[in-house]
Amino acid sequence: MRVMAQMAMVMNLDKCIGCHTCSVTCKQTWTNRAGVEYVWFNNVETRPGQGYPRGYEDQDRWRGGWTLSRRGRLRLRGGGRWRRLASIFSNPKLPALQDYYEPWTYDYADLTTAPLQTHTPVARPRSLISGKPTAITWSANWDDNLAGAPAHGQHDPIRKRIEDKVRFEFEQTFMFYLPRICEHCLNPSCAASCPSGAIYKRSEDGIVLVDSDRCRGWRMCVSGCPYKKVYFNHRTGKAEKCTFCFPRVEVGLPTVCAETCVGRLRYIGLVLYDADRVLDAASTPSDTDLYEAQRELLLDPHDPAVVAAAETAGIPGDWIAAAQRSPIYALINTYRVALPLHPEYRTMPMVWYIPPLSPVVDIVRDTGHDAEDHGNLFAAIDALRIPVDYLAHLFTAGDPKPVVAVLQKLAAMRSYMRDINLGREPQERIAARVGLSGEQIYDLYRLLALAKYDERYVIPQAHAEQAHGLEELATECSLDYDGGPGMGGSGPFGESSGGASPIAVENFHMLADRQCSDSVAAPADGEVRVNLLNWDGKGHPRGLLPPRDRSRTDTPEKPK
């Protein structure tokens, strides 16, 4: 048993209101720069829907993640090493810009400089890629609140699998929100796909990062990631992805998306897992058994044998204590209400989800029955095959049994706590019916509904003695030698292929350039054009207001 630590996240979808605050704050923190205008490390999708990029779940088309060979061995769905080398200069399995969307801004100068006229001036959209006028036809959030519309929902890859059970009729439509970030997988296919060894998984906390110095812009990682959460910066020629806000995590703070979440639906914590069993778990023959295989990878932090093995592996004592207090292990293994996203990709994702129960409650209430009675709720869950099947294809590779079990626990929690809140004696038989005790039901309710900041985010700080391991180091690669493919400096792989500027410095200069730029796409030494979309609200950027005529005085003459 080789114990390793992993930072992980659980999201309670029953609490997501689709406000996109997490997306906006992540955007302003990490991708408010030239070259990544189309990139959203965090995005909130409305399901059913096509997602971002469009149809990313269709692995028959994109060939992402892992699959099993005829001999039962794990291999990349996109092909082995030789196939990737053969297509290294022309990768056909990449989402195009239209699969994401062409980012745009507005010509705000037309508003601030327009003369007095009869009609209101209009700020027309301009592409942030070319700077030319454009027509807005798609975006990262185009499906927002349109899940039940036949024009959009029929393109959902998951809906196509259960087309005979889903009919987009007004009386049967359903929707929910699905926030997504990089999964920081235990078995990341993006890292295995990279010919340069630029993507690596930190051994201290399991966060998957990109070493910009090693990245040569091959974009094999974009193809290899089945969640399509690795992006290409067309300005620097480098790959970029969600960093799990590692500068914040290292000092014990949650990610920006979690910190700013309005619904308080995110939980972050440390889990311990057996690294020696990852390959066997990912090689589980049946897709429907992958959920249980991954759940069993997580080790009980209270087990004395696990604690001893963790200490032997060099995991600090406060990290072990944090794993024992982690809400992640409790939600995944103690209460078993969290499920992984698309375990059939065999990447062993570490961002898990609690499926939504609200549509079930709404339907029971609309029939005139008691929506909080556990008997009514259990019957409704069994009858609502449409949402359960859809959730099953999202979280359990199509097996509805774990999803039904989770929804029954959430329904039991509501019924059990209703009696307590009304001053009645709680019914232990409700908890027993879902395999929990009354005390566990109450603890689950407290964790999901009342947990404080330090209970939702149990993040140990990094140790100084581990600083050497937190540096951006990656393994050697056969392509990484002097004169090897992609080892050039500035050239066809980006204007700064030789080395990237620090994120904070680049943000500062990019923001200053784009506030006073002569082009909305490629800012240079501008004169008067101002991009209000990127103005931070501080100061007065040059060109925001017409220049003052110093020859005139604003002081009115005193009346005689």
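The text that follows walks through the structure, step by step, so that each part is easy to find. (Residues numbered from 1 in each chain as written. Predicted model: local features only at pLDDT ≥ 70, side-chain atom pairs only at ≥ 80, totals over all residues. Heavy atoms only, no water.)

Take the side chain of Gln6 next. In this fold, Gln6 is placed in strand β1 (residues 3–12). Given a relative accessible area of 0%, Gln6 falls into the buried group. Of the polar contacts made by the side chain of Gln6, one reaches the backbone oxygen of His184; its length is 3.4 Å. A polar side-chain atom of Gln6 sits 3.4 Å from the main-chain carbonyl oxygen of Gly206. With near-sequence residues (within four places) excluded, Gln6 lies in contact with His184, Leu186, Lys201, Asp205, Gly206, Gly269, Leu270, Val271, Tyr273 and Met350. (Helix = DSSP H or I, 4+ residues; strand = E, 2+ residues; numbered from the N terminus. Buried < 20%, exposed > 50% of the residue type's maximum accessible area, 1.4 Å probe, protein only. Polar contact = N/O pair within 3.5 Å; in protein donor to acceptor, adjacent residues only side chain to side chain. Contact = heavy atoms within 4.5 Å.)

By size, the foremost hydrophobic cluster in this structure holds 135 residues, and its most contacted members are Val10, Leu272, Leu331 and Phe395. When residues of this core are assigned to their parent elements, the largest contribution, ten residues, is made by helix α20 (residues 400–421). Each of domain 1 (3–102 + 139–321) and domain 2 (355–458) contributes no fewer than three residues to this core. (Core = buried A, V, L, I, M, F, W, Y, C linked by side-chain atoms within 4.5 Å. Domains from an automatic or database assignment.)

Here helix α22 (residues 438–450) spans 17 Å end to end across 13 residues, near enough to the 18 Å set by a 1.5 Å rise per residue. Those residues of α22 not exposed but buried are Gly438, Ile441, Leu444, Tyr445, Leu447 and Leu448. (Expected span 1.5 Å × (residues − 1).)

Turning next to the sheet that holds strand β12 (residues 266–274). A sheet is described by the order of its strands in space; here five strands give the open sequence β13-β12-β1-β15-β14, paired in mixed fashion. The sheet is open, and its two edges are formed by β13 (298–299) and β14 (339–340), each paired on a single side. As paired strands, β14 and strand β15 (residues 351–354) are joined by two bridges and run antiparallel to one another. Among the inter-strand pairings, Leu339 is bridged to a residue of β15, identified as Tyr353. (Pairing = 2+ DSSP bridges.)

Our focus in this paragraph is the pairing of β12. Of all the nine residues making up β12, nine are buried; the element is thus mostly covered by neighbouring parts of the structure. Here β1 runs beside β12; their pairing, made up of nine bridges, is antiparallel. Bridging across to β12, Met7 finds its partner in Leu270.

With that out of the way, let us pick up the pairing of strand β7 (residues 176–180). Of all the five residues making up β7, five are buried; the element is thus mostly covered by neighbouring parts of the structure. Sheet analysis places strand β2 (residues 43–47) next to β7, joined by five bridges and oriented antiparallel. Residue pairing in the sheet places Arg47 in a bridge with Phe176 of β7.

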